[in-house]
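Here's the letter readout for the chains.
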Amino acid sequence: MSSLSRVLKPTSIAVIGGGAWCAAVIEQARKFGFRGEIWPVHPKAGQIAGEQAFASLEALPGAPDVAFIGINRHATIETVAVLASMGAGGAVCFASGFTEARAEDDQGADLQVQLVQAAGDMPILGPNCYGFINGLDRAAVWPDQHGMRPVDRGVAILTQSSNIAINMTMQRRALPLAFMLTSGNQAQTHQADIASALLDDDRITAIGLHIEGFGDLRKWEALSQKARDRNVPIIALKMGRSAHAQAAAISHTASLAGGDAGAQVFLDRLGIARLADIPSFLECLKLLHVTGRLDHNGLGSISCSGGEASLAADMAEGRAVHFPPLTDTQKDDLRAALGPMVALANPLDYHTYIWRDTAAMTRAWAAMMGPEQALTMAIVDYPHTDATDWECATQAALNCVEQTGRRFAVTATLPELMPENIAQRLLDGGVVPFSGLHEALAAVEAAACPQTEGSDPVMLPSASVADQVLTEAEAKHALAGFGVRIPRSTVVPAEAVTEAAADLTGPFAVKGVGLAHKSEHAAVRLGIAIADVTEVAADIGTEEVLLEEMATGGVAELLVGVTRDPAHGFVLTLGAGGVLTEILRDSVSLLIPSSRNAVQEALGRLNCAPLLAGYRGKPAADMGSVLATVEAVQAYVIANAAHVSEVEINPLICTPDGAVAVDALIRKASS
């Protein structure tokens, strides 16, 4: 595919079609200040929106840098082919009825293939998209109203949804929008390709991506690396958290690590922080525009109300942010500024003793801005009646940044109580104007997200269909071949279990063979003496039983599972194991391959991690053996990636001198 530079920074725009949408493209381009050529193309119209029309593409003065194609889907394909042959820079395909409509029209997918073939190396955006607005170069290829203004520098937002894009351009939060682009179906030009092209423009300070699906994972990995190299932060608003978007599977692992788990760990691996809602997404972009990434997640909060101080502390609970205690230096400086009547803490309620005294407010607020606070914020809600009495707060915030050079924010607890004109003034002075306390905390958490140093490419999933579930014994022996330790065992007819037990050491586990969820059928019996194995096997009721030596001395039980996620690769899930796995829901996820250090760090985040470390005087688990088991499972998946769909060990009995897989499941394609 050719470079996107002509498309995104055009000097000439062709508008193909004569309807209201095409007229709007011309009107919006001129209204936004586009100074280049605009060439309407229509076989009959003399003029469109005040511009002289051309009867055909061949009649144009030259090949346009970008064309907006506002005609039906069949004609769009023909037009794209002509544009490509002319040497046009690229096209925005407005028409719908392609892959997004395949549920109603089975022609859609075929037409999208034809569209891509017609384009060849010429970049196309869409189909089924609005186009873009370039606020840096005053170029709009956009068939509707929008709220953007020209800027010298700012953030870029990419989304598949044109309607969400319109809504975000209408924000009144003083966020400088440098670029808004909709990618529609991404038939040819991938969202990550566009973001990568935007990274070449040093006027773009951060990039926000509204993602419905990743598609080509390698493109995202390349984008992440380029963003790290350019030191431009990227954040995401990723759809798909709901349970309706996750497919059911037969093991506990799948219920813990559905599609959204794969998306989350892929974003974590890329170092792209994820926001959960549009307001927080926009506020985080604003923070990144002003300050860049935060060095750490320490936060300072100051307000003239104890209620607001408590609110900040409570709303931060459960987020990856914290309020570091004040240092002795901070306390001395605050005491000098506030006097003896204020209890010093972080969050700080400085009362109203110094309100209207801008110099004193500056001294007090600046005293909170130590290196322990990656960002300090003053909570200020501006009244919509008369905000003149709040000028002291605005000026104190500006003074703090000017005098200290550290990061500072003014946060309105209610989004509507941060007036746009004041927000713009603060932002111009290097202060982050947050609209909403919830949004501010979410933004800080995301901006402080640890950056990865890059990792091995994720293993891409195969397209094989799993239609075979190995028996427990088969699964265990398959994993044992890669280094997983399993108990000594045998599968025998139920009536021969006593004879088989003579070759093993009791007590025993006796399990029915051929049942997917043995514990739900009371087909797992533990701690059975040799004298009782025949009776127990008969009571279980299956023709064959698995007889194995009991694993003893466990200090913790873990789940180690892998599911093939068609969108994100192979998701490795580690969690509390045993029969309570689904109730406890104590798990973390990674993508294969993951290093030993990454696995160890993930295990440390589990709620059951203290058991592994030795809890209340009990011995610790042999972490070397636990980590070796996880590596062995990864090795099995890597070696069998072409046909494996699911692997699960549950539980892995972790002892002071080893780790033993006492139950296992493998699901794969039969060929």
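Residues numbered from 1 in each chain as written. Predicted model: local features only at pLDDT ≥ 70, side-chain atom pairs only at ≥ 80, totals over all residues. Heavy atoms only, no water.

### Considerations on the pattern of salt bridges
Note the cut-off: Every case where a carboxyl oxygen of Asp or Glu lies within 4 Å of a side-chain nitrogen of Lys or Arg is listed as a salt bridge. Note on conventions: DSSP H or I runs of at least 4 residues are helices, E runs of at least 2 residues are strands, and numbering of each starts at the N terminus. Summary of the burial criterion: residues with accessible area below 20% of their type's maximum are buried, those above 50% are exposed, and those between are partly exposed, where the area comes from a 1.4 Å probe applied to protein chains only.
All told, the structure shown has 27 salt bridges when counted by the stated rule. Salt-bridge contacts for Arg172 lead to Glu420; the nearest nitrogen and oxygen are separated by 2.6 Å. A residue pair is termed long-range when its members are at least 10 positions apart, and Arg172 in the loop between α5 (162–169) and β11 (177–182) and Glu420 in helix α15 (residues 420–428) qualify at 248 residues. According to the relative accessible area criterion, Arg172 is exposed, its value standing at 57%. Look at Glu420 and you get buried, because its relative accessible area is 18%. For Asp389, the salt bridge is made with Arg356, and the minimal N-O distance between the two is 2.9 Å. With Asp389 in the loop between β17 (375–379) and α14 (391–404) and Arg356 in the loop between β16 (348–349) and α13 (358–367), the pair connects residues that are 33 residues apart, well separated along the chain. On the basis of relative accessibility, which here comes to 26%, the residue Asp389 falls in the partly exposed class. The exposed category is assigned to Arg356, whose relative accessible area is 57%.

### Here we look at helix α11 (residues 306–316)
Since the α-helix packs 3.6 residues into each turn, any two residues three or four apart lie on the same face. Threshold: Note: the arc covers the axis-to-C-beta directions of the helix.
The complete set of buried residues in α11 reads Glu308, Ala309, Ala312 and Ala316. In a view along the axis of α11, the buried residues occupy a sector of 105 degrees, so they form one face of it. In the stretch just after α11, Gly318 is the one whose phi turns positive, near 90 degrees.

### Some details on a nonpolar patch on the surface
Note the following rule: Note on patches: the residues involved have over 30% relative accessible area and no salt bridge, like charges join within 9 Å, and the nonpolar side chains Val, Leu, Ile, Met, Phe, Trp and Tyr join within 5 Å. Areas reported as accessible are Shrake-Rupley estimates using a 1.4 Å probe. Residue values count occlusion only from the protein chains shown.
There is a patch of nonpolar side chains on the surface, built from Val579, Leu580, Ile583 and Leu584 and spanning about 430 Å² of accessible area. Locating Ile583 in the fold gives a position in helix α20 (residues 581–584). Judged by relative accessible area, which is 67%, Ile583 ranks as exposed.

### Details of the sheet that holds strand β21 (residues 489–493)
The condition is simple: Here a strand pair is declared whenever DSSP counts at least two bridges between the two strands. To get an axis, a line is fitted to the C-alpha atoms, and for a helix only the part in contact is used. The angle between two axes follows their N-to-C directions and goes from 0 to 180 degrees. Contacts between residues were defined by any pair of non-hydrogen atoms, one from each residue, lying within 4.5 Å.
The four strands lie next to each other as β21-β24-β22-β23, forming an open sheet whose pairing is antiparallel. Each having just a single partner strand, β21 and β23 (524–528) make up the two edges of the open sheet. Shown here is a sheet whose adjacent strand axes are inclined to one another by a mean of 20 degrees, direction ignored. Pairing geometry for β21 and strand β24 (residues 544–549), over five bridges, is antiparallel. Paired with Val491 across the two strands is Leu546, which belongs to β24. Helix-sheet contacts for helix α17 (residues 472–480) involve β21, β22 (508–512) and β24, and the interaxial angle to β24 is about 40 degrees. The sheet strands contacting helix α19 (residues 533–540) are β22, β23 and β24, and the helix crosses β22 at an angle near 25 degrees.

### Some thoughts on the side chain of Gln171
Counted only if it meets this: The definition of a polar contact used here is a pair of N or O atoms within 3.5 Å, where within protein one atom must be able to donate a hydrogen and the other to accept one, and adjacent residues in sequence count solely through side-chain atom pairs.
Checked against the element boundaries, Gln171 lands in the loop between α5 and β11. At 2.8 Å, the side chain of Gln171 forms a polar contact with the backbone nitrogen of Arg173. Setting aside residues up to four positions removed in sequence, Gln171 forms contacts with Leu177 and Leu282.

### Things to note about the confidence of the model for the protein chain
Applicable threshold: For every residue, the predictor states its confidence as a pLDDT score lying anywhere from 0 to 100.
Of all residues in the protein chain, 95% have pLDDT values of 70 or greater, and the mean over the chain is 92. Predicted confidence is poor over residues 245–257, with pLDDT under 50, and the contacts of this stretch with residues over four places away or in other chains come to 40 contacts.

### With respect to empty space enclosed by the protein
Here is the rule: Cavity: a set of points on a 1 Å grid over the protein atoms alone where a 1.4 Å probe fits but cannot get out. Pocket: an open set with protein on both sides within 12 Å along at least five of seven lines, its lining residues, like those of a cavity, having an atom within 4 Å of a point. Grid points are joined across faces, edges and corners, and a volume is the space filled by probe spheres set on the points.
Counted under the stated rule, the structure contains two cavities of 30 Å³ or more. When its volume is computed, the largest cavity comes out at roughly 70 Å³. Taken together, Pro233, Ile234, Ile235, Gly271, Ala273, Cys284, Leu288, Arg293, Ala446, Ala447, Cys449 and Gln451 make up the full set of residues lining the largest cavity. Counting residues per element, the ones that place at least two in the lining of the largest cavity are β13 (234–238), α10 (278–291) and α16 (437–447). Considered as a void within the structure, the second largest cavity measures approximately 60 Å³ in volume.

### Section: unusual backbone geometry
In this structure, Pro347 follows Asn346 across a cis peptide bond, with omega equal to 5 degrees. By secondary structure assignment, the location of Pro347 is in the loop between α12 (328–338) and β16. Cis rather than trans, the peptide bond between Ile592 and Pro593 has omega equal to 0 degrees. Within the secondary structure layout, Pro593 lies in the loop between β27 (587–591) and α21 (596–603). One non-glycine residue, Arg616, adopts positive backbone phi at about 50 degrees. One can find Arg616 in the loop between α22 (609–613) and α23 (623–639). Overall, Arg616 belongs to the exposed group, its relative accessible area being 74%.

### Some points on the packing of α12 against α13
Rule in force here: Any angle from 65 to 115 degrees is called roughly perpendicular, while one under 35 is roughly parallel, one over 145 is roughly antiparallel, and all others are oblique. Note on convention: near helix rotated counterclockwise from far helix by under a right angle means a left-handed crossing. Clockwise means right-handed. Amino acid classes used here: Ala, Val, Leu, Ile, Met, Phe, Trp, Tyr, Cys and Pro are nonpolar; Asp, Glu, Lys and Arg are charged; the rest, including Gly, are polar.
Running from N to C, α12 and α13 cross one another at 165 degrees; their axes reach a closest spacing of 8 Å. On the basis of their axis angle, the class for α12 and α13 is roughly antiparallel. Viewed along their axes, α12 and α13 form a crossing whose handedness is left-handed. Where α12 abuts α13, its residues Gln330, Asp333, Leu334, Ala337 and Leu338 lie against Ala360, Arg363, Ala364 and Ala367. Here the contact of α12 with α13 is composed, by residue class, of six nonpolar, one polar and two charged.

### Comments concerning the layout of surface pockets
The space that makes up the largest pocket amounts to roughly 1,400 Å³. Around the largest pocket sit 49 residues that line it, and Gln264, Asp268, Arg269, Cys449 and Arg605 are the ones nearest its centre. Element by element, the count of residues in the lining of the largest pocket is highest for helix α9 (residues 259–270), at six residues. Of the residues belonging to the lining of the largest pocket, the class tally is 18 nonpolar, 18 polar and 13 charged.

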